[in-house]
Amino acid sequence: MKGGGVGGGGGGGGGGKRRWKVLVIGVLVLVILSMLVPLAFLLGLHNSFHSPGIVTLQPSSPFERSRINATKHSQRDLSNRVDQVLQKINPVLPKKIDINVVPRDMNRTSISDSKNRGLLYKFHFLEIPLPDYPCPQLLLPTQALLIRLKLTLFCKQKTKTEVSHKGVQGETVNADETQRTCQVKYGSYCLWREENKEPMKDAKVKHMKDLLFVARAYYPSIAKMPSQSKLTRDMKQNIQEFERILIVSSADADLPPQVDKKFEKMEAVISKAKSFPVDCNNVDKKLRQILDLTEDEATFHMKQSVFLYQLAVHTMPKSLHCLSMRLTVEYFKSGSVDVEDNEKFSDPSLLHFVIISDNILASSVVINSTVLHARESKNFVFHVLTNEQNYFAMKQWFIRNPCKQAAIQVLNIEKLELDNSDVKLSLPAEFRVSFLSGDNLASQGKRTHYLSLFSQSHYLLPKIFHKLKKVVILDHDVVVQRDLSPLWELDMEGKVNGAVKECSVRLGQLKSLKGGSFDANACLWMSGLNVIDLARWRELGVSETYQKFYKQQMSGGGESREAIALQASLLTFQDKVYTLDDKWALSGLGYDYYINTQTIKNAATLHYNGNMKPWLELGIPQYKTYWRKHLNREDRFLSDCNVNP
């Protein structure tokens, strides 16, 4: 009994040990499997395993039935089935869900449109087809954690992208509004600045100034720290070196060859200074002072640029001044004698053109282009009114460069025997008109126009040409592209001035028109090409009417001479203008970059009204060709004076 008892106890102990070992092995296997299964879901390995055969299961709910059937289809069918399941369980899903549904092509289309093509759940730009579980609550913890992590990254990325897009859009709007504001304030200068923008030649110099400003802002606070005497000396030394370099350097080409190392030293010193606790009030105060100085400097440079631009517009280029002087000297050296046909100049049966100009090349282009397109140039007579300074140069030019059979008369307006002893040449007056065509800057249309009207010299024409009955006045910034002979056959219906009207600007939009009875909706007439009935002019006393209005406005005071001349001209010719067809003259080639090419070709005359004249460097390049082709470039004085318009 005892032996049997002992033997039975030993056998029971051995069996218990074996069961214990099996239990341990089973636990270890379960632990390993519990670690491998989540890892397989993380790596997406479960998608690569296929069922070895057909497994028949009895689903316990419509939801699981849909899930099992979905596993039998391809990826495309799976997406469609997921949509159906989503529609079935849509009322069960919570209202707030963190899953974003986007189309496959990642374009910003509506969800309803994307459903027709099939959907994928996308997280941080990674395509993850949802594995049989449309509801996040049914996912395994590891999968839910993975999806939540990707959703978080996707949302952050999307937020940054949206912010960046909004920022870029905001900058674009601000830049557009700034450009529009600039055009309203400064006119065509802004357009010219954009067209002639050049790469920065002082980028490093500007960067040096920025570093110098920051170093100066931190230096007073660092200098007060006794323990940072070495840093104080380094900052002072770098500041002094930058100041010495900037004194002699205005562009990157002027900088010394070792300037990059100095940049590194200054940046290192500034970075070290920022690591110390400094008095923020002093730094803020210094930076605000620097900001104010920078803003003042920027405003100064803007005003200076605009002034230099206006100076270039209103002054004669050096090359044209040289041409005038050389021709004047040549006139007296050669003893040129021009044979003038006085009978032709005063014959009212011929076609007479009047040009008021002090620009030799401009007058030459007007006459050349007019004669080139004339059917019979022998009937054309040109009268050029100029000042005493350019009189002999103008005569010498047309002696050297005759225009076929056309007759050219050059008159010095300052030497003519008129009632006014102090007559001075005055060119056609141009007025820049800026107005708002919308409620805000973003919705504005075209806002800046240049109006060209008669000057004081135009009102002397009936006395200067007292034997003529009809003339055509051409501004010196005009190019002719058609025969102008039909203008003498017009029936002007008793009007004095035949002109093209500019209906993009109405009289009611001009703030300077304070007095007088104006029709606010009436269009403005333009000079450039004008058919003048001198007989009717004398009959109505137009010159006397203008002088009366001008003196009345001058006596009132408070307005500029230009504004008074504009108002007097409009009052004088009110109800006296015969409207020419728009094809006779096209204006705007001196300020408008966006004129249609076909419109230019169809126009009889091109008017370069505005600041960007074709003989200036700042003229609009695409319009210069129409002017240049009528210029005689073979004359040696053009090359001697480096005239290259």
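Computed from a predicted model, the values in this text were never measured in an experiment. (Residues numbered from 1 in each chain as written. Predicted model: local features only at pLDDT ≥ 70, side-chain atom pairs only at ≥ 80, totals over all residues. Heavy atoms only, no water.)

Looking at this structure, I do not really get the pattern of salt bridges. What am I missing?
For side chains bearing opposite charge, pairing can occur when the charged atoms are close. In this structure the tally under the stated criterion is 14 salt bridges. The partner of D635 in a salt bridge is R400, and the shortest N-O contact between them spans 3.2 Å. Pair noted here: D635 is in the loop between α20 (621–628) and α21 (636–640) and R400 is in helix α14 (residues 388–400), with a separation of 235 residues, a long-range link. A relative accessible area of 6% means that D635 is categorised as buried. For R400, a relative accessible area of 29% gives the class partly exposed. One salt bridge in this structure joins K613 and E430, with 2.9 Å as the shortest N-O distance. Placement of K613 in the loop between β17 (605–607) and α20 and of E430 in strand β7 (residues 429–434) is noted, with a sequence separation of 183 residues between them. Beyond isolated ion pairs, a larger network of salt bridges with shared partners links R326, E330, R636 and D640. (Salt bridge = Lys/Arg side-chain N within 4 Å of Asp/Glu carboxyl O. Helix = DSSP H or I, 4+ residues; strand = E, 2+ residues; numbered from the N terminus. Buried < 20%, exposed > 50% of the residue type's maximum accessible area, 1.4 Å probe, protein only.)

Explanation requested: the state of the cysteines in the structure shown.
Any covalent bond linking the sulfur atoms of two cysteines counts as a disulfide. All told, the structure shown has two disulfides when counted by the stated rule. With its sulfur 2.2 Å from that of its partner, C322 forms a disulfide with C641. Across the S-S bond linking C322 and C641, the dihedral sits near -70 degrees, which makes this disulfide left-handed. Highlighted residues: C322 in helix α11 (residues 318–334) and C641 in the segment after α21, separated in sequence by 319 residues. Put simply, C503 and C523 are joined by a disulfide, and their sulfur atoms are 2.0 Å apart. Since a negative S-S torsion denotes a left-handed disulfide, the C503-C523 link at about 105 degrees is right-handed. Of this pair, C503 sits in strand β12 (residues 501–506) while C523 sits in strand β13 (residues 523–525), placing them 20 residues apart in sequence. Taking relative accessible area as the criterion, C523 reaches 17% and is therefore assigned buried. (Disulfide = S-S within 2.5 Å.)

It is not clear to me how the side chain of S369 should be interpreted in this structure. Could you clarify?
Looking at the secondary structure, you find S369 in helix α13 (residues 360–372). Assessed through its relative accessible area of 0%, S369 is described here as buried. Polar side-chain contacts of S369 include one of 2.9 Å to the backbone oxygen of V365. Within the structure, the side chain of S369 is placed 3.0 Å from the backbone oxygen of V366, a separation counted as a polar contact. (Polar contact = N/O pair within 3.5 Å; in protein donor to acceptor, adjacent residues only side chain to side chain.)

How should the sheet that holds strand β15 (residues 577–579) be read in this particular structure?
For sheets, the rule is that strands pair by backbone hydrogen bonds, running either parallel or antiparallel. With mixed pairing, seven strands are arranged side by side in an open sheet as β6-β5-β4-β9-β14-β11-β15. The outermost strands of the open sheet, each flanked by one partner alone, are β6 (407–412) and β15. Each strand of the sheet is rotated relative to its neighbour by a mean of 25 degrees, with strand direction disregarded. The pairing of strand β4 (residues 351–356) with strand β9 (residues 470–474) spans two bridges and is parallel. Each residue of the ladder has a partner; that of V354, found in β9, is I473. Where α13 meets the sheet, its contacts fall on β4, β5 (380–386), β6 and β9, and the angle it forms with β5 comes to roughly 170 degrees. Of the strands in this sheet, β5 and β6 touch α14, which is tilted by about 165 degrees from β6. (Pairing = 2+ DSSP bridges. Axes fitted to C-alpha atoms, helices over the stretch in contact; angles between N-to-C directions. Contact = heavy atoms within 4.5 Å.)

What is the right way to read the sheet that holds strand β16 (residues 586–587) from this model?
Spatially, β10-β17-β16 is the arrangement adopted by the three strands of the open sheet, whose pairing is mixed. Of all strands in the sheet, those with a lone pairing partner are β10 (478–480) and β16, marking the two edges.

I keep staring at the packing of α13 against α14 and nothing clicks. Help me out?
How two helices pack is summed up by the angle between their axes together with the distance between the axes. Axis separation between α13 and α14 bottoms out at 10 Å; the angle between their running directions is 40 degrees. In terms of orientation, α13 lies oblique with respect to α14. As for how α13 packs across α14, the hand of that crossing is right-handed. In contact with I360, L361, S363, S364 and I367 of α13, α14 contributes A393, M394, W397 and F398. Of the residues belonging to the contact of α13 with α14, the class tally is seven nonpolar, two polar and no charged. (Parallel < 35°, antiparallel > 145°, perpendicular 65-115°, else oblique. Left-handed = near helix turned anticlockwise from the far one by under 90°. Nonpolar A, V, L, I, M, F, W, Y, C, P; charged D, E, K, R; others polar.)

Is there a simple way to explain unusual backbone geometry in this structure?
Both trends apply: most residues other than glycine have a negative phi, and most peptide bonds are in trans. Even without glycine at this site, D575 takes up a positive phi of about 65 degrees. For D575, the location among the structural elements is in the loop between α18 (561–572) and β15. On the basis of relative accessibility, which here comes to 67%, the residue D575 falls in the exposed class. With a phi close to 55 degrees, N642 is a non-glycine residue in the positive phi region.

Help me understand the nonpolar core in this model?
The nonpolar side chains of a soluble globular protein tend to be buried with one another. In terms of nonpolar packing, the biggest core is built from 66 residues, with F353, L361, I367, F382, L474 and L606 touching the most fellow members. Among the elements that line this core, the one with the most residues is α13, at seven residues. Discounting residues that sit within four places of it in the chain, F353 has contacts with T370, F380, V381, F382, H383, V472, L474, L484 and W488. The next biggest cluster of nonpolar side chains, apart from the first, holds 45 residues, and it includes L418, F465, I473 and L570. (Core = buried A, V, L, I, M, F, W, Y, C linked by side-chain atoms within 4.5 Å.)

Just distances and angles here, no functional claims.
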